[in-house]
Structure formats: C-alpha cells, structure tokens
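Inside the fold
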Amino acid sequence: SLSDRLTATFKNLRGKGRLTEADVDATVREIRRALLDADVAVPVVREFTARVRERSLGAEVSGALNPSQQIVKIVNEELVEILGGETRRIRLAKTGPTIIMLAGLQGAGKTTLAGKLSKWLKAQGHSPILVACDLQRPNAVTQLQVVGKRAGVPVFAPHPGATSELEHPAGDPVAVARAGVEEARQKLHDVVIVDTAGRLGVDAEMMEQASQIRRAIVPNEVLFVIDAMIGQDAVNTAMAFDEGVNFTGIVLSKLDGDARGGAALSVASVTGKPVMFASTGEGLDDFELFHPDRMASRILDMGDVLTLIEQAEKNWDKDEAARMAKKFADQEDFTLDDFLAQMQQIRNMGSMKKMLMMMPGAQNIRQQLENFDEREIDRVEAIVRSMTPHERVAPKIINGSRRARIARGSGVHVSEVNGLLERFAQAQKMMKKMAQGGGMPGMPGMPG
Ligand code: GDP
Ligand code: MG
C-alpha cells in the first residue's frame with residue numbers, strides 16, 4: 001500500500017523536521033503511483049501532483065508531523081477539496097416540486113439510482129415520483145416500474161401500467177418529462193426524479209435529447225451517474241456530459257466493486273462539480289451520501305494513517321516537538337527531564353492508547369500499551385522531581401544511596417525508582433534508534 005511505500009521512502013528522513021525538495025519529490029512520486037493505481041486519469045494526476053508539490057514546498061514545517069505525514073496531509077486536504085469539501089445536500093425547490101434529472105451512460109446505474117434515491121427521500125418524509133424518460137431500450141420503462149414498486153414510489157410512464165390519468169405522449173422523452181413534472185405538481189409530489197436514456201458511448205443524439213429534457217423541465221439538480229470502474233475514460237465522458245447537460249452533481253456507482261474510486265477524483269477535478277452520492281450495490285439500500293474525506297483515504301489507500309495524522313496534530317504540543325526534533329538533530333543526549341516531558345505529552349493525548357493501537361506495527365508494542373496506566377505518569381513525575389538537576393541529565397551517577405533518597409523524597413519504594421531508571425535506559429536506546437530513522441516521535445516515554 002501507499003502507506004508501506006511511504007514508510008519505506010521516509011525511513012531515513014524521520015525526525016528531520018524540514019521539508020526539502022528531495023523529500024517532497026520522493027513523496028510526490030509515491031502519491032502519483034497511488035493515484036494511478038486508483039485509476040485516476042493521467043492528466044488529472046499530473047495536475048494534482050504538481051499542485052501538491054508546490055504546496056508542500058511552500059508549507060510551514062510542522063512540529064507534530066514528520067515530512068511524509070505532512071505531505072500526505074496536504075494531499076488529503078487537496079483530495080477532499082476537489083471531491084467537494086463538505087458533503088453537499090440536494091437543493092430543494094422553494095416552491096413546487098424539486099426536480100432531479102439523472103444523466104449518464106447506459107449501464108451507469110441511473111435507473112437503480114432512481115429507486116435508491118426515491119426510497120431514501122421517502123424515508124425522510126418526502127413523497128417522490130419517478131418519471132420514465134428512457135424510451136430507447138425496450139425494457140427500460142418496465143425496469144423503472146419494478147424499481148418504483150420495490151421502493152414504494154409511483155412511476156409516471158408513457159406505458160400501460162402508468163400511474164397517471166393524463167395523456168401519455170409515448171415515444172417522445174421530452175414530452176414525457178414535461179408531463180411527468182406536471183403530474184407531480186397535480187398530485188402534490190414534492191420531488192420528481194427523471195430517469196433518462198443513456199448510450200454505451202457518448203453520442204450526439206443522446207446528448208441532444210438529454211439537453212432538451214433539461215431545458216424543458218429546468219431541474220433543480222442534474223445528477224451525472226458514473227460507474228466507479230470506468231477508469232481512464234472518466235474524463236472524456238464527464239466532460240461530454242458536463243457540456244451536454246451541465247450537471248450539478250456527481251453520483252459514483254458500483255463502489256462496492258474493487259474500484260478505488262479514482263473516477264470520482266477525475267470527474268470532480270475536470271468539471272469542478274461535487275460528488276454527492278455513492279452507490280454501493282444492486283439493492284435499493286446500497287446507497288449513501290458521499291463523504292469526500294472517506295473517499296480521499298480510499299483513493300490514497302491509507303487506512304487509519306490519516307486518522308493518526310489528525311490525532312497526532314491535535315495532541316502534540318508543537319513547541320515540545322520542535323524542541324525534541326532539534327535535540328535529535330543535534331544528537332544531544334536524552335535526559336530524564338525529556339523522559340518526563342514525553343510522559344506528560346502522552347497524558348495530554350487522552351486517546352493515545354487507542355490511537356497507537358491503530359498504527360501499523362502496533363502489535364510490536366501491544367503489550368506495553370495494554371500495561372499502560374496513566375497514574376503511572378504521576379509516580380514518574382514524583383520520582384523525577386525528587387532528583388537533582390544533575391541526576392536528571394546524568395542518571396549514571398544515581399547509585400544506591402541516591403536511589404534511597406529519591407524514593408524517600410517521592411514517597412515510593414526503591415524498586416519503583418529502579419524500575420523507572422530501567423525504563424528510562426530502554427527509552428534512551430529507543431530514542432537513539434529513532435534519531436537514526438524509523439519510528440514515531442512521542443512514544444519512547446511509554447512505560448514497559
Ligand atoms: P442505467 O442504464 O444507467 O439505468 O443503469 P442500471 O440502473 O440499469 O444499472 C445497470 C446494472 O448495474 C444493473 O444490473 C444494476 O443492477 C447494476 N448496478 C447499478 N448500481 C450498482 C451498484 O452500485 N453496484 C453494483 N454492484 N451494481 C449496480
Ligand atoms: Mg436505465
């Protein structure tokens with residue numbers, strides 16, 4: 001995964017605390033590969049990585065994150081931004097029914113989406129009606145009727161079995177669309193969902209028809225439905241539909257498959273339109289609001305790493321981190337004061353334990369994590385406070401009589417002082433290792 005590759009790339013850069021051009025380029029290379037793996041269109045990848053590179057080079061150095069984390073954070077922010085920022089809701093009409101038109105290639109999932117969307121809206125107290133304007137395929141109208149029945153939503157169709165008493169202008173999808181909206185008005189439906197025809201590829205006649213329907217009914221939303229598996233064709237298809245029907249939102253279908261969702265980024269990036277919904281199966285309930293942040297991590301394949309970055313940033317005291325980073329860089333010795341400061345950092349990180357458990361490689365320190373007791377930090381603090389400044393920087397001088405004095409001063413047993421000094425020695429070793437690369441700052445204070 002990208003996470004593993006980035007870890008490898010940065011094995012030697014941890015704790016450097018500065019974004020150099022070489023750091024940025026190495027990471028951007030990995031990001032590029034991850035995006036291509038996720039089937040993001042090549043031109044979109046190119047533009048995207050160029051922007052990330054520029055932003056990363058100009059980025060302020062973060063105390064909380066190592067260089068790769070910092071770049072991944074920028075990448076994630078850019079992804080979320082392109083995918084639509086906050087999840088956007090359907091814009092409801094101020095008066096009369098809200099008109100939602102569906103557009104997209106044949107097989108994209110429009111008719112299925114009509115059912116899902118209507119069921120979902122109905123559950124929220126709306127009273128939707130479906131309008132069957134796909135008159136190209138012989139079974140399209142019947143398919144919508146089946147879907148409507150399953151969703152418990154009426155279907156307006158130019159066909160026997162239609163729910164309307166109005167005259168049905170069979171054969172002309174534009175007239176059907178108009179009549180369907182009129183039906184909704186008359187029967188006081190507050191949402192109309194207009195299903196349209198698609199072709200296997202974009203063609204002028206189909207687009208002209210869709211565009212005529214749009215002009216005839218003036219929808220509040222035109223949703224462009226696109227199969228997440230479409231891959232590199234996403235850009236051309238999306239641009240054709242954007243030009244043809246000027247859609248207002250994107251629905252990504254078939255996200256239940258293997259697709260990492262690169263199409264979402266391609267389409268959103270070239271059209272500037274938000275992704276609003278995700279379809280995740282053939283069932284009517286396999287449907288959800290689209291969450292840009294979740295999709296960003298799916299595209300990046302970063303799992304919980306992004307959560308980790310967020311937590312680390314929130315909790316890490318930046319000044320302390322900067323001080324530690326400088327210490328590493330200067331190869332200074334790790335002292336008992338540092339040890340205590342780190343333990344206190346850990347306490348500040350309330351959910352530290354949970355957070356560390358999510359980290360790749362957490363199994364290696366699982367035992368320590370499970371033994372971790374926050375009250376332990378109070379004892380450590382008491383013990384360290386009973387040491388002289390000189391003892392804190394040169395713990396080697398802490399002999400038997402000093403240990404007894406410290407134990408008395410801090411109200412603990414000598415064995416606890418011994419235990420602390422042992423853990424400190426381990427932490428010191430670990431810090432040396434980390435300073436040479438690998439590992440995450442802020443952990444060595446963990447008692448064993
Ligand atoms: P349309 O031609 O755009 O109306 O597409 P349909 O709604 O008829 O869907 C085409 C095929 O894809 C059907 O077999 C659907 O059951 C299937 N389908 C639609 N949405 C999804 C989805 O989110 N996941 C999966 N696995 N299949 C889907
Ligand atoms: Mg259809």
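Presented here is an overview of the structure given in this document. (Residues numbered from 1 in each chain as written. Chains lettered and ligands numbered in written order. Predicted model: local features only at pLDDT ≥ 70, side-chain atom pairs only at ≥ 80, totals over all residues.)

**Things to note about the site of ligand 1**
The immediate surroundings of ligand 1 are formed by 18 residues, with Gly109, Lys110, Thr111, Thr112 and Ser279 found nearest. The dominant element in the shell around ligand 1, judged by the number of residues it contributes, is helix H5 (residues 110-123), at three residues. (Near = placed C-beta within 6 Å. Helix = DSSP H or I, 4+ residues; strand = E, 2+ residues; numbered from the N terminus.)

**Topic: the nonpolar core**
Counting 90 residues, the largest nonpolar core has Val131, Val194, Phe224, Ile226 and Leu252 as the members making the most contacts within it. For this core, the element with the highest residue contribution is helix H4 (residues 67-82), accounting for six residues. Counting only domains with at least three residues in this core, you end up with domain 1 (2-85) and domain 2 (98-290). Apart from residues lying up to four places away in sequence, Val131 is in contact with Phe156, Val176, Ala177, Gly180, Val192, Ile193, Val194 and Asp195. Counting residues in hydrophobic clusters, the runner-up holds 15 residues, among them Leu336, Leu340, Val384 and Phe424. (Core = buried A, V, L, I, M, F, W, Y, C linked by C-beta atoms within 7 Å. Buried ≥ 20, exposed ≤ 12 C-beta atoms within 10 Å, placed from the backbone. Domains from an automatic or database assignment. Contact = placed C-beta atoms within 7 Å.)

**Examining the sheet that holds strand S5 (residues 221-227)**
The strand order S3-S2-S4-S1-S5-S6-S7-S8 describes an open sheet built from eight strands, whose pairing is mixed. Edge strands, defined here as strands with exactly one partner in the open sheet, are strand S3 (155-156) and strand S8 (287-289). Judged from the three bridges that link them, strand S7 (residues 275-279) and S8 form a sheet pairing that is antiparallel. Residue pairing in the sheet places Ser279 in a bridge with Phe287 of S8. (Pairing = 2+ DSSP bridges.)

**Brief notes about the environment of Arg185**
Looking at where Arg185 falls in the secondary structure, it is placed in helix H7 (residues 173-186). With 88 residues separating them along the chain, Arg185 and Pro97 place their C-alpha atoms 6.5 Å apart. Each residue touching Arg185, except ones within four places of it in the same chain, is listed here: Gly96 and Pro97.

**Some remarks on the pairing of strand S6 (residues 249-253)**
The side chains of a regular strand alternate, residue by residue, between the two faces of the sheet. Across the five residues that make up S6, a large majority, five, are buried. In S6, alternate side chains face the same way, and those of Gly249, Val251 and Ser253 on one face and Ile250 and Leu252 on the other are all buried. Both S5 and S6 contribute to a ladder of five bridges, which runs parallel. Note on S6: the bridge partner recorded for Phe224 is Ile250. With helix H9 (residues 234-245) bridging S5 and the parallel S6, this β-α-β connection has right-handed handedness. The pairing of S6 with S7 spans three bridges and is parallel. Residue pairing for S7: Ile250 is matched across the bridge by Val275. For the crossover that starts at S6, traverses helix H10 (residues 262-271) and ends in the parallel S7, the hand is right-handed. (Right-handed = clockwise from strand over helix to strand, strands pointing away.)

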